[in-house]
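Spelled out from the first residue to the last, the chains are:
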Amino acid sequence: MALTSTPEQPLPVRTVSRAVGDWVHRLGRVWVEGQVTQLVRRPGMGTVFLTLRDPVADVSLRVTCSRAVSDAVGPALVDGARVVVWGKPSFHPARGTLALAVVEIRPLGAGALLARLEQLKATLAAEGLFAASRKRRPPFLPSAVGLITGRASAAERDVVENARRRWPAVRIVLREVAVQGPLAVSQVIDALRELDGRAEVEVIVIARGGGSMEDLLPFSDEALVRAVVAARTPVVSAIGHEQDAPLLDFVADVRASTPTDAAKRVVPDVGEQSVAVAQLRARARRVVEHRLDREERRLADMRGRPVLAAPARDLARRSDDVAALLARSRRCVHHALDVTARDLVATRARVRALSPAATLDRGYAVVQRAADRAVVRDPAEVGPGERLAIRVAGGALGAAVTED
């Protein structure tokens, strides 16, 4: 039943606290899974206190149990252990706190953990988070390498020393975090997001040395896996040894078998690159020299050709050809002129033979009327006394018509 209250008639704290306690009491006993933190066993006390933390979300619940329940678990009940508890939620009105009164604690064995990891692995794979198409290639020579690892750990030393040995100028942006235990996941995620937000960091390495399956569980946490998927910067996973395979290895852009291997994958070896550059320079020199030799041979062949070896000789031959053509053209012109002159003489002779002057030379005359210079062809065309002009070979003379 919902409580009724108004600003004029508010409920006292005890009433609200009692109602909350009654509602919690009706929940009954439940099975709860979580990670043990803040385990407290005080000597002489029959009650053991611990906090049960959600491995994915930042949520925890206070737990109390009898020492007998705690001792029944044995040495497996330690900080960081994954357990399943059976208990009843209870609300303490005096302090306003919620707790879980536990009557049974079962540690999650390796088999159960592996089964749950396989189930989570199948779920993530079905979402396509392991697909090779979404993985990015780290840059050949990053300006800065982000490193997330344990404080003063062997993994840190392996990555830093090997990276600087390979490329002394490499810049390492280090973030030291807890790499096991209840705080590992949240600290790694925070460091990852911070480095991912820095523009100069072009690749991020998450490194940890070897350990038991329980020690490496934070790197199979779903929240961490999804944070790596969401990162814009390529991530290199270097967790444990070659045989270790946390889920982080499957979503990372590059999986390194060891922290030392991670250093080899994120920065090139300056010695190897120097050798490669020297080899490329030698190869380029050989190619250029071969090209120059080939062009020199081609130039020598061209210079050896007659036209270039003795250019005046060809010019002299062409000059003789021009002189011969000039002489031939002159002969042709002279011959054409001679033929034309002979033709002209013959034509003049023919014209002269057919001209009226030639006829007059033979004694003929041309009679014309003096008045209009009309040629008289018939005596009937003129009358007595009419003046005539007579043209003969030697000139012209006048005459008059008389009666016959």
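Residues numbered from 1 in each chain as written. Predicted model: local features only at pLDDT ≥ 70, side-chain atom pairs only at ≥ 80, totals over all residues. Heavy atoms only, no water.

Draft legend 1. Examining the packing of aromatic side chains more closely. Throughout the structure, instances matching the rule amount to two aromatic pairs. When the ring of Trp31 is compared with that of Trp86, the centres are 5.6 Å apart and the planes differ by 15°; the resulting orientation is stacked. With Trp31 in strand S1 (residues 30–40) and Trp86 in strand S4 (residues 82–92), this pair connects stretches of sequence that are 55 residues apart. A relative accessible area of 28% means that Trp86 is categorised as partly exposed. Ring geometry for Phe130 against Phe250: centres 5.4 Å apart, planes inclined by 35°, an arrangement best described as tilted. Of this pair, Phe130 sits in the loop between helix H3 (110–126) and strand S6 (145–149) while Phe250 sits in helix H7 (residues 247–251); the two residues are 120 residues apart in sequence, bridging distant segments of the chain. (Phe/Tyr/Trp six-rings, centres within 6.5 Å; stacked < 30°, edge-to-face > 60°. Helix = DSSP H or I, 4+ residues; strand = E, 2+ residues; numbered from the N terminus. Buried < 20%, exposed > 50% of the residue type's maximum accessible area, 1.4 Å probe, protein only.)

Draft legend 2. Expanded view of the pairing of S6. Of all the five residues making up S6, five are buried; the element is thus mostly covered by neighbouring parts of the structure. Here S6 shows a buried face lined by Val145, Leu147 and Thr149 and a second buried face lined by Gly146 and Ile148. Alignment of S6 against strand S7 (residues 172–176), held across five bridges, turns out to be parallel. Among the inter-strand pairings, Leu147 is bridged to a residue of S7, identified as Leu174. Read from S6 through helix H4 (residues 154–166) to S7, the crossover connection turns out right-handed. By the bridge criterion, four bridges tie S6 to strand S8 (residues 203–208) in an arrangement that is parallel. Looking at S8, one finds that Leu147 is bridged to Val205. (Pairing = 2+ DSSP bridges. Right-handed = clockwise from strand over helix to strand, strands pointing away.)

Draft legend 3. Looking closely at the environment of Val376. Positionally, Val376 belongs in the loop between strand S11 (366–369) and strand S12 (387–392). According to the relative accessible area criterion, Val376 is buried, its value standing at 17%. Measuring from C-alpha to C-alpha, the distance between Val376 and Arg387 comes to 12 Å, with eleven residues separating the pair along the chain. Aside from chain neighbours lying at most four places away, what touches Val376 is Val367, Gln368, Arg369, Glu381, Val382 and Leu388. (Contact = heavy atoms within 4.5 Å.)

Draft legend 4. Highlighting the packing of H4 against helix H8 (residues 259–266). In the contact formed by H4 and H8, the axes pass within 8 Å of each other and the chain directions differ by 30°. Of the two elements, H4 crosses H8, and the hand of that crossing is right-handed. Contacts between H4 and H8 involve Ala155, Asp158, Val159, Asn162, Ala163 and Arg166 on the former and, on the latter, Pro259, Thr260, Ala263 and Lys264. Residue classes in the contact of H4 with H8 are distributed as five nonpolar, two polar and three charged. (Axes fitted to C-alpha atoms, helices over the stretch in contact; angles between N-to-C directions. Left-handed = near helix turned anticlockwise from the far one by under 90°. Nonpolar A, V, L, I, M, F, W, Y, C, P; charged D, E, K, R; others polar.)

Draft legend 5. Examining the sheet that holds strand S13 (residues 395–400) more closely. With antiparallel pairing, the three strands of this open sheet are ordered in space as S11-S12-S13. On the outer flanks of this sheet lie S11 and S13, each paired with one strand and no other. Here the strands of the sheet are splayed against their neighbours by 25° on average, with no regard to which way each runs. Taken together, the four bridges between S11 and S12 define a ladder with antiparallel strand orientation. Along S12, the bridge assignment pairs Arg369 with Leu388.

Draft legend 6. Examining a nonpolar patch on the surface more closely. Together, Leu3, Leu11, Val16 and Val20 make up an exposed nonpolar region whose accessible area comes to about 270 Å². Note on placement: Leu11 falls in the segment before helix H1 (13–25). (Patch = residues over 30% accessible without salt bridge, like charges linked within 9 Å, V, L, I, M, F, W, Y side chains within 5 Å. Areas by Shrake-Rupley, 256 points an atom, 1.4 Å probe, with all protein chains shown as cover. Salt bridge = Lys/Arg side-chain N within 4 Å of Asp/Glu carboxyl O.)

Draft legend 7. Main features of the sheet that holds strand S10 (residues 254–255). Strand order in the open sheet made by the five strands is S7-S6-S8-S9-S10, with parallel pairing throughout. Looking along the sheet, the strands with just one partner apiece sit at the ends: S7 and S10. Its contacts with the sheet put H8 on S6, S8, strand S9 (235–239) and S10, and the angle it makes with S8 is roughly 170°.

Draft legend 8. Structural context of the side chain of Ser220. Structurally, the position occupied by Ser220 is in the loop between S8 and helix H6 (222–230). With relative accessibility at 7%, the residue Ser220 sits in the buried group. A distance of 3.1 Å separates a polar atom in the side chain of Ser220 from the backbone nitrogen of Leu247. (Polar contact = N/O pair within 3.5 Å; in protein donor to acceptor, adjacent residues only side chain to side chain.)

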